[in-house]
Amino acid sequence: MIQTKHTNKIYKMGEIDLEIIKDLNLEIGHGEFVAIVGPSGSGKSTVLNLLGCLDKPNSGEIVVDGVDVTKLSTTELANFRGKNIGFIFQSFNLIPVLSVYENIEYPLIMIQNLPKEIRDEKIMHLLKEVNMLEQKDKFPDQLSGGQRQRVAIARALVTEPKIVFADEPTANLDTKTSNQIIELMRKIQKEFKTTFIFATHDEKIVSAVDRIITLVDGVVVDDKRIEL
Ligand code: ADP
Ligand code: MG
């Protein structure tokens, strides 16, 4: 599903090149539930953004679902992302002037030319799935953190992506809500065989995943599969 080969990411700071990701060689299969862990500043978000086609590497390959995404133009990359990838962020990133329903509808309007009835069917199904049906006409500022993240999960899933990337999705949530959100994502992964890739240092996520990839200073130092 995802493969990187000798992938490097460099940020220029004035005269100096900072090597943020060094020789990343990863293979992540279809339907995996994976966490990328490591200290703050180790490059977790950078890896997620590279794999999620939000950012391009300086060298090396990134193959997602058979496509070398490093060869795509910015427009092609945006289209590819829209069709195949969903994102969930720490700060939820909902659009404040849109209702819950409209936030979930937004990616469908942006990237897919679907008739209203079909959009409605998908949105209503996901609202039920994330248990937010009763809040569908509310606005983000009328919701709790956990409810906002449920909406963000529905928004990430509405295009039926093959892969969902979640960057510290529980960082702004209490323990009980975090556990509910993790359970919800696990349920979705089982039901739809969606690949989930987390960047996190939350122990609750780490203990829920099937595989833990550890990054230190932009280098993978450990890659462990959890036996069930
Ligand atoms: P993590 O998510 O593990 O905390 P990041 O991927 O956000 O780590 O950052 C890794 C390193 O890259 C950090 O040292 C950070 O300061 C640096 N970095 C991230 N984004 C940029 C940028 N746009 N320009 C320069 N340095 C950056
Ligand atoms: Mg980060």
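We now turn to the structure provided with this report. Here the structure is a predicted model, which is why all the values come from computation and not from measurement.

Calculation criteria
Residues numbered from 1 in each chain as written. Chains lettered and ligands numbered in written order. Predicted model: local features only at pLDDT ≥ 70, side-chain atom pairs only at ≥ 80, totals over all residues. Heavy atoms only, no water. Helix = DSSP H or I, 4+ residues; strand = E, 2+ residues; numbered from the N terminus. Buried < 20%, exposed > 50% of the residue type's maximum accessible area, 1.4 Å probe, protein only. Contact = heavy atoms within 4.5 Å. Polar contact = N/O pair within 3.5 Å; in protein donor to acceptor, adjacent residues only side chain to side chain. Near = heavy atom within 4 Å. Areas by Shrake-Rupley, 256 points an atom, 1.4 Å probe, with all protein chains shown as cover. Nonpolar A, V, L, I, M, F, W, Y, C, P; charged D, E, K, R; others polar. Pairing = 2+ DSSP bridges. Axes fitted to C-alpha atoms, helices over the stretch in contact; angles between N-to-C directions. Right-handed = clockwise from strand over helix to strand, strands pointing away. Core = buried A, V, L, I, M, F, W, Y, C linked by side-chain atoms within 4.5 Å. Phe/Tyr/Trp six-rings, centres within 6.5 Å; stacked < 30°, edge-to-face > 60°.

Attention shifts here to the environment of Lys-9. Within the secondary structure, Lys-9 sits in strand β1 (residues 2–13). The exposure class of Lys-9 is buried, given its relative accessible area of 8%. Placed 46 residues apart in sequence, Lys-9 and Asp-55 show a C-alpha to C-alpha distance of 9.5 Å. In this structure, Lys-9 is in contact with Leu-18, Glu-19, Ile-20, Ile-21, Thr-46, Leu-50, Asp-55, Lys-56, Pro-57 and Asn-58, ignoring residues within four places of it in sequence. For Lys-9, the side chain forms a polar contact with the main-chain oxygen of Lys-56, separated by 2.8 Å.

Before going further, it helps to spend a moment on the site of ligand 1. All residues in the neighbourhood of ligand 1 are listed as Tyr-11, Ile-20, Pro-39, Ser-40, Gly-41, Ser-42, Gly-43, Lys-44, Ser-45 and Thr-46. Thr-46 is positioned with one of its side-chain polar atoms (N or O) 2.5 Å from an oxygen atom of ligand 1. Coverage of ligand 1 by the protein amounts to 59% of the 560 Å² it exposes when considered alone. The biggest single contributor to the shell around ligand 1 is helix α1 (residues 44–51), with three residues. For the shell around ligand 1, the class distribution of residues is three nonpolar, six polar and one charged.

Okay, unusual backbone geometry next. Phi is positive for Phe-92, close to 70°, though the residue is something other than glycine. Relative to the assigned elements, Phe-92 resides in the loop between β6 (85–89) and α3 (100–111). Look at Phe-92 and you get buried, because its relative accessible area is 8%. Phi angles above zero are rare outside glycine, and Asn-93 is one such case at about 55°. As for its position among the elements, Asn-93 is in the loop between β6 and α3.

We now examine the sheet that holds β1. The strand order across the open sheet built from four strands is β2-β1-β4-β5, with neighbouring strands paired in antiparallel fashion. Sheet topology places β2 (16–28) and β5 (67–68) at the edges, where each strand pairs with a single neighbour. Both β1 and β2 contribute to a ladder of nine bridges, which runs antiparallel. Among the inter-strand pairings, Ile-2 is bridged to a residue of β2, identified as Ile-28. Of the strands in this sheet, β1, β2 and β4 (59–64) are in contact with α1, which crosses β2 at around 60°.

Attention shifts here to the side chain of Thr-7. Locating Thr-7 in the fold gives a position in strand β1. Residue Thr-7 is classed as buried on the basis of its relative accessible area of 0%. Here the side chain of Thr-7 touches Glu-61 through a polar contact of 2.7 Å, landing on its backbone oxygen.

As a further point, take the pairing of strand β7 (residues 163–167). Summarising burial for β7: five of the five residues are buried, a large majority. Side chains Ile-163, Phe-165 and Asp-167 of β7 all project onto a buried face; the interleaved residues Val-164 and Ala-166 project onto the opposite face, where all are buried too. Bridge count for β6 against β7 is five bridges, and the pairing is parallel. Pairing of Ile-88 across the sheet is with Ala-166, part of β7. Note that the unit made of β7, helix α6 (residues 175–192) and strand β8 (residues 195–199) has a crossover that is right-handed.

Moving on, we get to the nonpolar core. The tendency in soluble globular proteins is for nonpolar side chains to be buried side by side. Counting 37 residues, the largest nonpolar core has Ile-104, Ile-153, Met-185 and Phe-198 as the members making the most contacts within it. The leading source of residues in this core is helix α5 (residues 145–157), at six residues. Ignoring sequence-local partners within four residues, the contact set of Met-185 consists of Phe-33, Ile-88, Ile-153, Pro-169, Phe-196 and Phe-198. Formed by 26 residues, the second largest nonpolar core is a distinct cluster that contains Val-47, Ile-85, Phe-165 and Ile-213.

Turning our attention to the packing of aromatic side chains. A complete count under the given rule lists five aromatic pairs for this structure. Geometrically, the ring pair formed by Phe-33 and Phe-198 is edge-to-face, given 5.2 Å between the ring centres and 85° between the ring planes. Pair noted here: Phe-33 is in strand β3 (residues 33–37) and Phe-198 is in strand β8, with a separation of 165 residues, a long-range link. Phe-198 gets classed as buried once you look at its relative accessible area, which sits at 1%. Aromatic side chains Phe-87 and Phe-89 sit 5.9 Å apart centroid to centroid with 10° between the ring planes, which places their arrangement in the stacked category. Residue classification places Phe-89 among the partly exposed residues on the basis of a relative accessible area of 25%. The rings of Phe-33, Phe-196 and Phe-198 are connected pair by pair, giving a single aromatic cluster.

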